[in-house]
Amino acid sequence: MQALTPRQIVEELDRFIIGQKDAKRAVAIAIRNRWRRQQLDDKLRREVTPKNIIMIGPTGVGKTEIARRLAQLVHAPFLKIEATKYTEVGYHGRDVESMVRDLVEIAITMVRGEERVRVEEKAKESTADRLVSLLLPASDDDGEKTENDKEAAKRRGRTRQKLRKKLDAGDFEDRKVEMTVEQKVMPVQVFSNVGMEQMDIDMQRMFENIIPKQTTRRQITVKDARRILLDQEIEALVDREKISQEAVQRTEESGIIFIDELDKICGPESSHGPDVSRQGVQRDLLPIVEGTNVMTRYGSVKTDHVLFIAAGAFHRSKPSDLMPELQGRFPIRVELQDLTKDDFLRILHEPENALTRQYQALLGTENLEIQFTDDAIQEMAEYAFRVNKSTTNIGARRLHTIIEKLVEDISFDAPDMTDKHVRIDAEYVRKRLESITADEDLSRFIL
Ligand SMILES: Nc1ncnc2c1ncn2[C@@H]1O[C@H](COP(=O)(O)OP(=O)(O)OP(=O)(O)O)[C@@H](O)[C@H]1O
Ligand SMILES: [Mg+2]
């Protein structure tokens, strides 16, 4: 994979996220630093630790979105967790390491997906072979013992070729074949009070292997058989050991853990009340962020170079309220800005996944053509901004409630509408939203 420069990373993020330049720059640098580190010689490479980031900003301004898009962009295994999860009773302390195990699982899924794509062509070929065997009349397959072996083989080859041609042409899709199918039995219920999460390492798989697989012979269509066989063939071709190794390596070298609500676990040291557990979570986080070995079912994972991006509003606490050791491990602080009316305007239609585009596409499936005029978008941004001001500021999430309310009727009527072209202009927006937004109580409930 081509290593992206910080500038390119920011440009890519710009396609989805409006504004927040500082945060984008910070994450871009962090990612580039990883690449830089890879270029160093062994000795120095081990010394360089990631510069973890704290994103500070109100709700709904793009913190999570930036981290998530970043991970996608560089194909990094990405896990988002809430720091407060570990302060809950029963979770406290012992389970913080599970975030690393979860991250490896994500890496496994990722690598396995790539691996499956890599072997797919080959698997398709052998699947077709097996399908032909299933289609082959039994007598042909066995051959006549008395007959000349060579002749028989030749004849079989020809039959197979013919069948294969027809199969490829799609002639047999609905033809029934008989094959053995597996039925998975999950023994989970028995251990329901343990909880899958705690059945770590290889326990889960162990149970799957102990319980005998139930198989039945069934008549199924070629179409269904192909799906099952292809899956078997792919599984046979992928190298599990290699996947595990690669996933562990990728976790260690490029994993990103996003710790949300970091502000909720910080507070000045105190010996009573919830702060005890908050401090406790910080203490438990520390070794993981500093670098430790975590045992997973795929082997031990070093967290030294995992990138941690923490986020929080930090209204009541400040990063300086964190344990000193933890502060040092998050040297980069970036503030995200409150979104302005102008930002809303842009968020509504600029990003590739912009809300207006999403709704156009969704309603497009009903053959409806929705057009948002410029002044309509302007008006929506204005309302979103106003409602955020007058009720709770939930940032860009407000746009979701606004637009949902706006298209409610169209959404309901879409399949029955005869006029397939709908133009949403400022007038329409006002008509739908003015009465709601004018009444503060009403907007608290509805928007
Ligand atoms: N600057 C932005 N540009 C485009 N979309 C945005 C922006 N900020 C937020 N959004 C959209 O708003 C929604 C919420 O954003 P996000 O999840 O990033 O919020 P957050 O900052 O993590 O908030 P919280 O503190 O509540 O977790 C997402 O759907 C996201 O796409
Ligand atoms: Mg978030």
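In case you missed it, the structure is sitting above this.
Since the model is a prediction, treat every value here as computed from it, not as a measurement. (Residues numbered from 1 in each chain as written. Chains lettered and ligands numbered in written order. Predicted model: local features only at pLDDT ≥ 70, side-chain atom pairs only at ≥ 80, totals over all residues.)

Undergrad: Looking at this structure, how should I read the sheet that holds strand β1 (residues 53-56)?
TA: Strand pairing in a sheet relies on backbone hydrogen bonds, with the paired strands running either antiparallel or parallel. As summarised here, the arrangement of the five strands in space is β2-β5-β8-β1-β9, forming an open sheet in which the pairing is parallel. Bordering the open sheet on either side are β2 (78-82) and β9 (332-335), each of which pairs with just one other strand. Each neighbouring strand pair of the sheet contributes to a mean axis angle of 20°, computed without reference to strand direction. Both β2 and strand β5 (residues 256-260) contribute to a ladder of five bridges, which runs parallel. When the sheet's bridge partners are listed, I81 is paired in β5 with I259. (Pairing = 2+ DSSP bridges. Helix = DSSP H or I, 4+ residues; strand = E, 2+ residues; numbered from the N terminus. Axes fitted to C-alpha atoms, helices over the stretch in contact; angles between N-to-C directions.)

Undergrad: Can you walk me through the site of ligand 1 in this structure?
TA: The immediate surroundings of ligand 1 are formed by 18 residues, with G62, K63, T64, E65 and A396 found nearest. Counting residues per element, the shell around ligand 1 draws most heavily on helix α4 (residues 63-73), at three residues. Split by residue class, the shell around ligand 1 holds six nonpolar, eight polar and four charged. (Near = placed C-beta within 6 Å. Nonpolar A, V, L, I, M, F, W, Y, C, P; charged D, E, K, R; others polar.)

Undergrad: In this structure, what is going on with the packing of helix α5 (residues 98-135) against helix α10 (residues 240-254)? I would like to understand it.
TA: A pair of packed helices is characterised by two quantities: the angle between their axes and the separation of those axes. Interhelical geometry of α5 versus α10 gives an angle of 125° and a closest axis separation of 8 Å. By the angle between their axes, α5 is oblique relative to α10. As α5 packs across α10, the resulting crossing turns out to be right-handed. On α10, the residues touching L103, V104, A107, I108, V111, R112 and E115 of α5 are I243, E246, A247, V248, R250 and T251. Partitioning the contact of α5 with α10 into residue classes produces eight nonpolar, one polar and four charged. (Parallel < 35°, antiparallel > 145°, perpendicular 65-115°, else oblique. Left-handed = near helix turned anticlockwise from the far one by under 90°. Contact = placed C-beta atoms within 7 Å.)

Undergrad: What should I look at first to understand the nonpolar core in this one?
TA: Here is a general trend for soluble globular proteins: nonpolar side chains tend to be buried in one another's company. V27, I309 and M380 are the most contacted members of the largest nonpolar core, which has 88 residues in total. In this view, M380 contacts L348, I402, I403, L406 and V429; residues no more than four positions away in its chain are not counted. Among the nonpolar cores identified, the runner-up in size contains eight residues, and L131, V222, A225 and L229 belong to it. (Core = buried A, V, L, I, M, F, W, Y, C linked by C-beta atoms within 7 Å. Buried ≥ 20, exposed ≤ 12 C-beta atoms within 10 Å, placed from the backbone.)

Undergrad: Is there a simple way to explain the environment of L134 in this structure?
TA: Assignment of secondary structure puts L134 in helix α5. In the structure, L134 is positioned 44 residues away from E178 in sequence and 7.2 Å away in space, judged by C-alpha atoms. Those residues in contact with L134, other than ones at most four positions away along the chain, are V177, M179 and A225.

Undergrad: Explanation requested: unusual backbone geometry in the structure shown.
TA: Of all residues except glycine, most have a negative phi; of all peptide bonds, most are trans. At H75, a position not held by glycine, the phi torsion is positive, near 55°. Its location among the elements puts H75 in the loop between α4 and β2. At F314, a residue that is not glycine, the phi angle is positive and equals roughly 50°. Among the structural elements, F314 can be located in the loop between β8 (307-312) and α12 (324-329).

Undergrad: Before we go on, may I ask you to explain the environment of F330 in this structure?
TA: Relative to the helices and strands, F330 is located in the loop between α12 and β9. It is 9.0 Å that separates the C-alpha atoms of F330 and V289, two residues lying 41 residues apart in sequence.

Undergrad: Please explain helix α18 (residues 426-438) as it appears in this structure.
TA: Every α-helix winds through 3.6 residues per turn, so residues three or four apart in the chain are directed the same way. Most pronounced at R432, the bend in α18 amounts to some 40°. Structurally, α18 contributes buried residues whose contacts are with α15 (374-390), α16 (397-406), β11 (421-424) and α19 (440-446). (Bend = angle between axes of the 7 residues up to and from the residue.)

By themselves, these are just geometric observations and shouldn't be taken as functional.
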